[in-house]
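Structure assessment
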Amino acid sequence: MQIKRDYSHPFFREPKRHRLRNSLIAALLGLLLGLAVVSRWTEVEQVLGNLSGVPMTPTPQPSALARRGAALAHNGDFEAAELLLAAAVEERPDNSAYLYELGKVQIELGDYQGALMNAEAITDRDANDARGFALRAAALTWQGNAKEAIPVGLSALELDPSFISLYATLSRAYIDEQRWGEGLDIAERGMSLDGDNAELVRAYAYALQSVGAYDEAAAHLERAIGLRPGHLPPQFELAALYLARDNAQRAIDLYDRILSLDTRNARAMLRQCLAYLQVGQAERALGFCEDAVTNAPEDAESLFHLALLYYSESRFAESLDLFQRCLENDEGRFDLSCRFRLGLSHYYTGDCASGWALLQESMAIATAGSGYEATIDNIQQGLDAILSDPACIESAAATVSFQD
């Protein structure tokens with residue numbers, strides 16, 4: 001027997017006492033949804049939430065996005081900060097404060113061109129806004145163009161002599177231009193205005209290092225870290241200073257701290273690897289270098305140092321692969337070091353022809369430059385080894401003449 005169901009009513013009926021109220025709410029909802037076309041949606045969302053009894057998540061205002069982004073940046077989370085600040089700028093592209101904060105984060109992330117574009121946007125809006133000049137000077141300094149940054153920073157300082165970040169930027173720019181006295185002087189001027197600004201304290205430490213005041217520099221870097229514990233760059237700088245001063249254990253402790261704050265920081269892993277090598281703990285070093293490559297598989301420096309460790313342990317097949325990847329990802333810094341060792345790795349794994357070709361290329365590069373005397377000696381030893389190796393001589397007839 002077929003059962004006919006009455007679909008004119010829902011299966012789960014509401015109590016009669018709620019129907020009138022829900023009908024009124026439905027009517028109000030329809031009215032409010034119509035008003036949303038001509039009114040601010042965030043206001044309508046709030047009213048809807050009040051009527052339904054279920055709070056609705058409001059769309060964050062640009063000011064809230066910017067505040068949250070600036071807080072994240074202060075604590076060192078620059079990638080998350082950039083997303084929030086970029087969203088604020090998208091909503092309010094004419095807000096110079098948002099542009100400036102976004103530009104500072106872009107500098108931390110190495111996006112100097114983006115920061116320069118934001119600096120230009122600020123000065124386009126107001127040619128007397130010191131923030132545009134300050135952002136431009138900072139981007140130029142960190143980009144490696146300190147000479148151009150100095151007059152820009154000085155112009156900004158004329159507009160606003162109380163702008164503390166300018167003292168930090170100018171100090172660093174002067175030091176990069178080897179104008180040690182001026183770098184120290186302007187940092188000290190800034191410190192007299194605000195000795196609790198972490199950026200300025202860090203810049204002052206940089207100036208102190210430039211004149212050999214290493215203990216004072218370390219003390220100021222420690223202070224900068226205390227003022228801004230989540231900001232990693234001064235921690236890297238202090239650890240590097242410890243290593244340079246043969247205090248590897250303190251550097252190791254600092255890298256451990258960095259990794260506790262950022263467990264996937266490949267740069268800290270690599271530096272920890274090098275620190276352990278400095279104290280003769282090659283096995284522990286190897287683990288950190290392997291972790292660095294795992295977390296940054298295209299970083300030429302990490303690839304080079306891990307390859308070098310494998311090479312030193314005669315693990316030539318593994319070193320060959322890593323030296324090859326180093327060459328593929330290098331931008332010039334490790335080209336020669338990876339190239340000639342790649343040639344030697346080929347030789348030690350039985351590929352005489354590839355080894356010879358790479359060593360010949362390396363010799364041409366080394367002799368065309370300067371300061372490569374030790375490298376040239378190593379390359380020549382490799383070439384001599386191939387020429388005197390019976391296995392290579394036998395294979396030469398079928399491949400290439402090593403006398404070419």
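Procedures and definitions
- Residues numbered from 1 in each chain as written.
- Predicted model: local features only at pLDDT ≥ 70, side-chain atom pairs only at ≥ 80, totals over all residues.
- Heavy atoms only, no water.
- Axes fitted to C-alpha atoms, helices over the stretch in contact; angles between N-to-C directions.
- Helix = DSSP H or I, 4+ residues; strand = E, 2+ residues; numbered from the N terminus.
- Parallel < 35°, antiparallel > 145°, perpendicular 65-115°, else oblique.
- Left-handed = near helix turned anticlockwise from the far one by under 90°.
- Contact = heavy atoms within 4.5 Å.
- Nonpolar A, V, L, I, M, F, W, Y, C, P; charged D, E, K, R; others polar.
- Salt bridge = Lys/Arg side-chain N within 4 Å of Asp/Glu carboxyl O.
- Buried < 20%, exposed > 50% of the residue type's maximum accessible area, 1.4 Å probe, protein only.
- Core = buried A, V, L, I, M, F, W, Y, C linked by side-chain atoms within 4.5 Å.
- Disulfide = S-S within 2.5 Å.
- Phe/Tyr/Trp six-rings, centres within 6.5 Å; stacked < 30°, edge-to-face > 60°.
- pLDDT = per-residue confidence, 0-100.
- Expected span 1.5 Å × (residues − 1).
- Arc of directions from axis to C-beta.
- Lys, Arg positive; Asp, Glu negative; His and termini not counted.
- Polar contact = N/O pair within 3.5 Å; in protein donor to acceptor, adjacent residues only side chain to side chain.

Topic: the packing of helix α9 (residues 164–176) against helix α11 (residues 198–210)
Taken N-terminus to C-terminus, the directions of α9 and α11 make an angle of 20°; their axes are 8 Å apart at the nearest point. If you check the angle between α9 and α11, you find them roughly parallel. At the point where α9 passes α11, the crossing takes the left-handed sense. Two secondary-structure elements touch here, α9 through I164, S165, Y167, A168, T169, S171, R172, I175 and D176 and α11 through E199, L200, R202, A203, Y206, A207 and S210. Its residues assigned to classes, the contact of α9 with α11 comprises eight nonpolar, four polar and four charged.

Some remarks on the pattern of salt bridges
For the structure on display, the rule yields 14 salt bridges. Ionic pairing is found between K104 and E101, a salt bridge with its closest N-O pair at 3.6 Å. A residue pair is termed a helical-turn pair when its members lie 3 or 4 positions apart in one helix, as K104 and E101 do in helix α5 (residues 96–108) at three residues. When its relative accessible area of 25% is taken as the criterion, E101 is described as partly exposed. As a salt-bridge pair, E148 and R136 come within 3.1 Å of each other at their nearest N and O atoms.

Remarks on the nonpolar core
Membership of the largest hydrophobic core comes to 69 residues, with the highest contact counts inside it found for L238, Y255 and I379. Each residue touching L238, except ones within four places of it in the same chain, is listed here: A218, L221, E222, I225 and L254. By size, the runner-up hydrophobic cluster in this structure holds 43 residues, among which are A130, A139, Y167 and I186.

A few points about the state of the cysteines
Evaluation of the coordinates by the stated rule reveals three disulfides. Note that C326 is cross-linked by a disulfide to C338, the S-S spacing being 2.0 Å. On the sign convention where negative means left-handed, the S-S torsion of about 75° between C326 and C338 marks this disulfide as right-handed. With C326 in helix α18 (residues 316–329) and C338 in helix α19 (residues 335–348), this residue pair connects regions lying 12 residues apart in the sequence. Accessibility classification places C326 together with C338 in one group, the buried group. At a sulfur-sulfur separation of 2.1 Å, the disulfide partner of C352 is C392.

Focus: the packing of aromatic side chains
For the coordinates displayed, the defined rule picks out nine aromatic pairs. Between Y311 and F316, the aromatic rings sit 5.4 Å apart at their centres with planes inclined by 75°, giving edge-to-face as the arrangement. Accessibility assignment for this pair places Y311 and F316 in one class, buried. Pairwise contacts between aromatic rings join Y311, F316, F323, Y347 and Y348 into one cluster.

Comments concerning the confidence of the model for the protein chain
On average, residues of the protein chain score 87 in pLDDT, and 83% of them reach the 70 mark or higher. In this model residues 1–49 is a low-confidence stretch, pLDDT under 50, and it forms 24 contacts with partners more than four residues away in sequence or in other chains.

Notes on unusual backbone geometry
One non-glycine residue, D246, lies in positive phi territory at about 60°. The topology assignment puts D246 in the loop between α13 (233–244) and α14 (248–261). Of note, the phi angle at S314 is positive, near 60°, even though the residue is not glycine. Considering the arrangement of structural elements, one finds S314 in the loop between α17 (300–312) and α18.

Describing the packing of α14 against helix α15 (residues 266–278)
Running from amino to carboxyl end, α14 crosses α15 at an angle of 160°, the nearest separation of the two axes being 9 Å. On the basis of the axis angle, α14 is roughly antiparallel to α15. When you trace α14 past α15, the crossing you get is left-handed. Contacts between α14 and α15 involve A248, I252, Y255, D256, I258 and L259 on the former and, on the latter, A268, M269, R271, Q272, A275, Y276 and Q278. Residue classes in the contact of α14 with α15 are distributed as nine nonpolar, two polar and two charged.

Some details on α9
Helix length check: α9, at 13 residues, gives a terminal C-alpha distance of 19 Å against a target of 18 Å (1.5 Å per residue), a fit within 8%. The inward-facing, buried residues of α9 abut α5, α7 (130–143), α8 (146–159), α10 (180–193) and α11. Immediately downstream of α9, the backbone of Q178 shows phi near 65°, a positive value.

A short note on helix α4 (residues 78–91)
The end-to-end C-alpha separation of α4 is 20 Å, in line with the 20 Å expected for 14 residues at 1.5 Å each. Those residues of α4 lying buried are F78, A81, L85, A88 and V89. Within α4, the buried residues cover an arc of 95° as seen down the axis, which keeps them to one side. α4 presents E79, L83 and E90 as exposed residues on the side facing more than 90 degrees away from its buried surface. In this structure, the buried side of α4 is in contact with α3 (62–74) and α5.

Topic: the side chain of R228
Relative to the assigned elements, R228 resides in the loop between α12 (214–227) and α13. Put simply, R228 is tucked away with no salt bridge, and the nearest opposite charge, on E108, sits 4.7 Å away. A distance of 2.8 Å separates a polar atom in the side chain of R228 from the backbone oxygen of H74. Not counting residues within four places of it along the chain, the set of residues in contact with R228 comprises A73, H74, F78 and A198.

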